[in-house]
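The chain contents come next:
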Amino acid sequence: QDTEPSLYTVKAVLILDNDGDRLYAKYYDDTYPTVKEQKAFEKNIFNKTHRTDSEIALLEGLTVVYKSNIDLFFYVIGSSHENELMLMAVLNCLFDSLSQMLRKNVERRALLENMEGLFLAVDEIVDGGVILESDPQQVVHRVALRGDDVPLTEQTVTQVLQSAKEQIKWSLLR
Amino acid sequence: MIKKFDKKDEESGKIAEFVLKQKVCFYLQARIFNETPINPRRCLHILTKIIYLLNQGEHFGTTEATEAFFAMTRLFQSNDQTLRRMCYLTIKEMANISEDVIIVTSSLTKDMTGKEDVYRGPAIRALCRITDTTMLQAIERYMKQAIVDKVPSVSSSALVSSLHMVKMSYDVVKRWVNEAQEAASSDNIMVQYHALGLLYHLRKNDRLAVTKMLNKFTKSGLKSPFAYCMLIRIASKLLDETEGGHDSPLFDFIESCLRNKNEMVVYEAASAIVHMPNCTARELAPAVSVLQLFCSSPKAALRYAAVRTLNKVAMKHPSAVTACNLDLENLITDSNRSIATLAITTLLKTGSESSVDRLMKQISSFVSEISDEFKVVVVQAISALCQKYPRKHSVMMNFLSNMLRDDGGFEYKRAIVDCIISIIEENPESKETGLAHLCEFIEDCEHTVLATKILHLLGKEGPRTPQPSKYIRFIFNRVVLESEAVRAAAVSALAKFGAQNDDLLPSVLVLLQRCMMDSDDEVRDRATFYMNVLQQKQKALNAAYIFNGLSVSIPGLEKSLHQYTLEPSEKPFDMKTVPLATAPITEQKTEIAPVATSKLPEKLAPSRQDIYQEQLAAIPEFQGLGPLFKSSEPVQLTEAETEYVVRCIKHTFAGHMVFQFDCTNTLNDQLLQKVPHFSYKTWSPRRPMRSYIWVIYASCLFAVSCTFSCTMKYLVRDCDPNTGEPDDDGYDDEYVLEDLEVTVADHIQKVLKPNFGAAWDEVGDEFEKEETFALASVRTLDEAVGNIISFLGMQPCERSDKVPENKNSHVLFLAGELMNISGIGAGKLALLKSQDRCSISSGYNHQDSSLHHMRIYQFNPIVLQSVAFGFLSERVNKIEICI
């Protein structure tokens, strides 16, 4: 186990839905270089973990820490030599940040409607496999997601019309 | 461009997802980027879509991506924060698929030096993602400023980006050490951690600098638990490299971290101590006791980490973990099955023989619920247990056979089969039950590799059991029901029964006759071949063609055949030119820990000797030497801790010998030149150099046993340890090495004979020779066996190198091939220990050589020749075998 001391801690961050489908996946090294291998790994992970809520497992020689909430499964993956508690710190930070950003409403639909928030949060937590931040307060602060929609008064008339048109269009398309 | 709806979406009609899942048509969508004024919401939406689709593994063409990328650059005009941040992300995601991403450099540089703190950190990270070494120099000034910026997110971003850049632009980033140093004293815990990481990466090749850095930080103390973990890792690596004693301040530092208030740090320290080589039980105790505390933590991850680490301790120091047995017992019922499994396997290692039955019962209650990885761990623990408590083998065997019946993947089944096979080998009395379980298993086995392995084992062991006939049915069933590979293996197994049991021969011949009608040619060929060999009813033929197969190296055979086809000749291909297979090293006991299963297909790894053969063949001077007969193990010609470390490998060829000297200069401040046989290359510090010396035997000799005295002569040029620049002038120097011995073993290649009896009979009675030798300086049978094997360099067969306990006599079977002599030599050595009961006590008399007799009572001339030549030469006294 003579591994070089390094800041590169996280091999992947995954979020799957309750069918095991990928909602978000970020791999930071070449353990699974192709999309096909990644999806196979995700399938395996999901099959081994979705029934038990046991927080940690060893799969394909990697340490996987995980957490589920309603219809979402969060995974942080590291080498089997990695300090499990470090990986846990990343997982907790990700979950708590999202929980704040989604106002405790951590479920599939809310997440899909706020994908940009998720992208930015993960970007603030892990950079290229290095843990960038572990404090959810800091992450939420840095993501600085704009609050609610821009108030109507601040929108131009064309913008209002545009968004109304869009909404009608979508409802027709359904 | 609307992609087909997912079924899920049709049902729930979720607009958000529907929008996300359409493939963006960049030409149409990117137009929105060009609208004036920019509509941040809609643009944001499109960027989100792009990233989402990339994330789903959707593929974008370069033109498409470049088009979108260029359109996106316009969005830098908007001041919407989220939009800007998403632009950075898009840049990072598209850096590899779009062309000319560097056009955004100036926009990013502006943001990284601007007033908006929210932009600065992410802009730095995006910029470093698209930059190269030349551009990095252009922004060097800004990077240095950013590293020491007082805003933590900016400083962290700069440090982490620098770390990523080290791989590509080490020389540039190296210049930022002072800034990183300053950042390391930041109050922010993440900045501290990142600065430490960067500093270490920049200095890791300079041990002195790392030591200084460790001293500084371990004294001043850090706030960040992450940084502490990093420090512990660096310290333990340094301890390992310098082989520093455990009284070193570094060890004290790691131990002091056991009292840190953060669990992450405490665990890292405990794990570091546990993984240190040669830790005494006393040094382990504090680490074990914190791990014990963690065992009762409410956090599953902490319990898992603790029990996994305790499991590691238990492998080397079971007694150190005994104190935790109670805590581990509580974990057996843990809802996390991984934790429960690790707890049980740890207990199996530390517990007493009496607790085995109870633990085994507990495992069987949940073994079906755990993942294959952990099932393998359980099997390995059982395997270790069988070695420890051989008397328990019947319990284990039952358990294993039950596991074999359950569902499971290949790795799992293979672990079980390997475990059963090793039990059979260790305990002869378990052979029949074990074989019966395996027979049952192959009745319904989907793994060809395992089925063939078991059939091979049945062929080897079955004929020697009291009732060989009962295995025939199982084997012949395979011929009827299975795939080609299994059928072929079954045919080979049948032939072995026929060759060894005369009363079964007629029925075996009938069965083989039927196999000759098989639809597969390999099966037919084997059946026909064995049929004909068996019908000759000659022991020598049976031995050569049925029991003991080819003993050549497979890669070597491939190479020789290839060579033969390249140079057409009238001569038939001569098997003698093929190098012998180096005897398979007895399977190493795999470490009992879940290991990463390699995803690469298993390939036949070339043996050590095949590698040497290749290296030597690459040297023009050695072209005509013919096949390499044997390469010795490396011999150290210096003490381990000297200025120059030299080791030698002896390569034996027919009529020649090549000595390969591998030398390492451990001095940083010297450059050695003109080392003889180094082709006047310079010998830089720390880089091993290789030289060869070629010796030709006098024509009358076929083998030599002698001593060479070795001296290394060279030109020394002192050099600056920092810059590595050597002085212009040097001086001649020499260094005396230890003597190099050429021994009997160098001329004998090990050959493995799976069926020794058959090989022995093959040689024939007329070569038998019986002599008695007394081994004066050997005290135990084990020692005698070890010495004889290493002296003769022959391969022990049929596990005869393991002396049963409390025995006074032992027969050792050795097989080997002597160079230049065709045919295989075999030696059967009967070792007798005298009946003198107090022999091992101090009253042992050197003059009285009656203590150990080595009675070579059967020997064929080849071996005798070599033994005699060994014994009679001067070396005898050195080896300390007296006649």
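Bear in mind the structure is a predicted one, so any value in this text is a computation, not a measurement.

Asker: Is there a simple way to think about the overall build of chain B in this case?
Answerer: Secondary structure summary: chain B contains 40 helices and 16 strands in total. The contacts of chain B with a sequence gap of at least 6 include a subset with a gap of at least 24, amounting to 63%. Per element, the accessible surface of chain B, about 42,000 Å² overall, is 51% carbon and sulfur.

Asker: In this structure, what is going on with the interface of chain A and chain B? I would like to understand it.
Answerer: In many reports, interface size means the accessible area that the parts give up when they come together. Chain A puts 67 residues into the contact, and the matching count from chain B is 74 residues. Counting each side, the surface lost to burial between chain A and chain B is near 6,300 Å², with a carbon and sulfur contribution of 55%. We note a salt bridge from Asp123(A) to Arg125(B), for which the minimum N-O separation is 3.2 Å. The tally of links from chain A across to chain B stands at 24 residue pairs in polar contact (both at pLDDT 80 or more). Counting residues per element, the side of chain A that touches chain B draws most heavily on helix α4 (residues 115-125) of chain A, at 6 residues.

Asker: Can you help me understand the confidence of the model for chain B in this one?
Answerer: If pLDDT is low for a region, its predicted coordinates should not be looked at in detail. All names here are of chain B. Summing up the model confidence of chain B, the mean pLDDT is 75 and the portion of residues at 70 or higher is 76%. pLDDT under 50 marks residues 676-685. Its contacts with residues more than four places away, or in other chains, come to 35 contacts. Low pLDDT (under 50) marks residues 828-883, which in the prediction has 156 contacts with non-local residues, meaning those over four places away or in another chain. The ipTM, which scores confidence in the relative placement of chains, is 0.84 for this predicted complex, and the corresponding pTM is 0.63.

Asker: Quick question: what am I supposed to make of the packing of helix α23 (residues 337-350) of chain B against helix α25 (residues 372-388) of chain B here?
Answerer: How two helices pack is summed up by the angle between their axes together with the distance between the axes. Residues and elements named next belong to chain B. Remark: α23 packs on α25, axes separated minimally by 9 Å, with the N-to-C direction vectors making an angle of 10°. On the basis of their axis angle, the class for α23 and α25 is roughly parallel. The residues of α25 that touch α23, namely those facing Ser-338, Thr-341, Leu-342, Thr-345, Leu-348 and Lys-349, are Phe-374, Val-377, Val-378, Ala-381, Leu-385 and Lys-388. A per-class count over the contact of α23 with α25 returns 7 nonpolar, 3 polar and 2 charged.

Asker: Help me out: how do you make sense of a negative patch on the surface in this one?
Answerer: Residues and elements named next belong to chain B. On the surface, Asp-406, Asp-407, Asp-444 and Glu-446 cluster together into a patch of negative charge. The topology assignment puts Glu-446 in the loop between α28 (431-443) and α29 (448-461). With a relative accessible area of 68%, Glu-446 lands in the exposed category.

Asker: Help me out: how do you make sense of the environment of Leu14(A) in this one?
Answerer: All names here are of chain A. By the secondary structure assignment, Leu-14 is in strand β1 (residues 12-17). A relative accessible area of 0% places Leu-14 in the buried class. Considered as a pair, Leu-14 and Ile-77 are 63 residues apart in the sequence and their alpha carbons are 8.2 Å apart.

Parameters at a glance
Sequence order sets the numbering: in each chain, residues are counted from 1 along the sequence as written. All chains are assigned letters beginning with A, and all ligands numbers beginning with 1, in the order in which they are written. Predicted model: local features are reported for residues with pLDDT of at least 70 only, side-chain atom pairs are reported and counted for 80 or more only, and whole-chain, interface and lining totals are derived from all residues. Computation of side-chain values covers all heavy atoms of the structure but excludes hydrogens and water. Counting from the N terminus, the helices are DSSP H or I runs at least four residues long and the strands are E runs at least two residues long. Whether two residues are in contact is decided by their heavy atoms, any of which lying within 4.5 Å being enough. Note on areas: these come from Shrake-Rupley sampling with a 1.4 Å probe, and a residue is covered only by the protein chains present in the view. Buried area adds together the accessible area that both of two parts lose upon being put together, with accessible area traced by a 1.4 Å probe. We define a salt bridge as a contact between a side-chain nitrogen of Lys or Arg and a carboxyl oxygen of Asp or Glu at a distance within 4 Å. In protein, a polar contact requires one atom able to donate a hydrogen and another able to accept it; more generally it is a pair of N or O atoms within 3.5 Å, and residues adjacent in sequence count only if both atoms are side-chain atoms. What pLDDT expresses is the predictor's confidence in each residue, scored from 0 to 100. All axes are obtained by fitting lines to C-alpha atoms, using only the stretch in contact for helices, and the reported angles, taken between N-to-C directions, cover 0 to 180 degrees. Roughly parallel covers angles under 35 degrees, roughly antiparallel covers those over 145, roughly perpendicular covers 65 to 115, and oblique covers all other angles. Charged residues are taken to be Asp, Glu, Lys and Arg, nonpolar residues to be Ala, Val, Leu, Ile, Met, Phe, Trp, Tyr, Cys and Pro, and polar residues to be all remaining types, Gly included. Surface patches are defined over residues having more than 30% relative accessible area and no salt bridge, joining like charges when they lie within 9 Å and nonpolar side chains (Val, Leu, Ile, Met, Phe, Trp, Tyr) when within 5 Å. Here Asp and Glu are counted as negative and Lys and Arg as positive; His is not counted, and neither are the chain ends. Charged groups are reduced to one reference atom each: NZ for lysine, CZ for arginine, CG for aspartic acid, CD for glutamic acid. Relative accessibility under 20% of the residue-type maximum defines a buried residue, over 50% an exposed one, and the middle range a partly exposed one, all with a 1.4 Å probe and only protein chains included.

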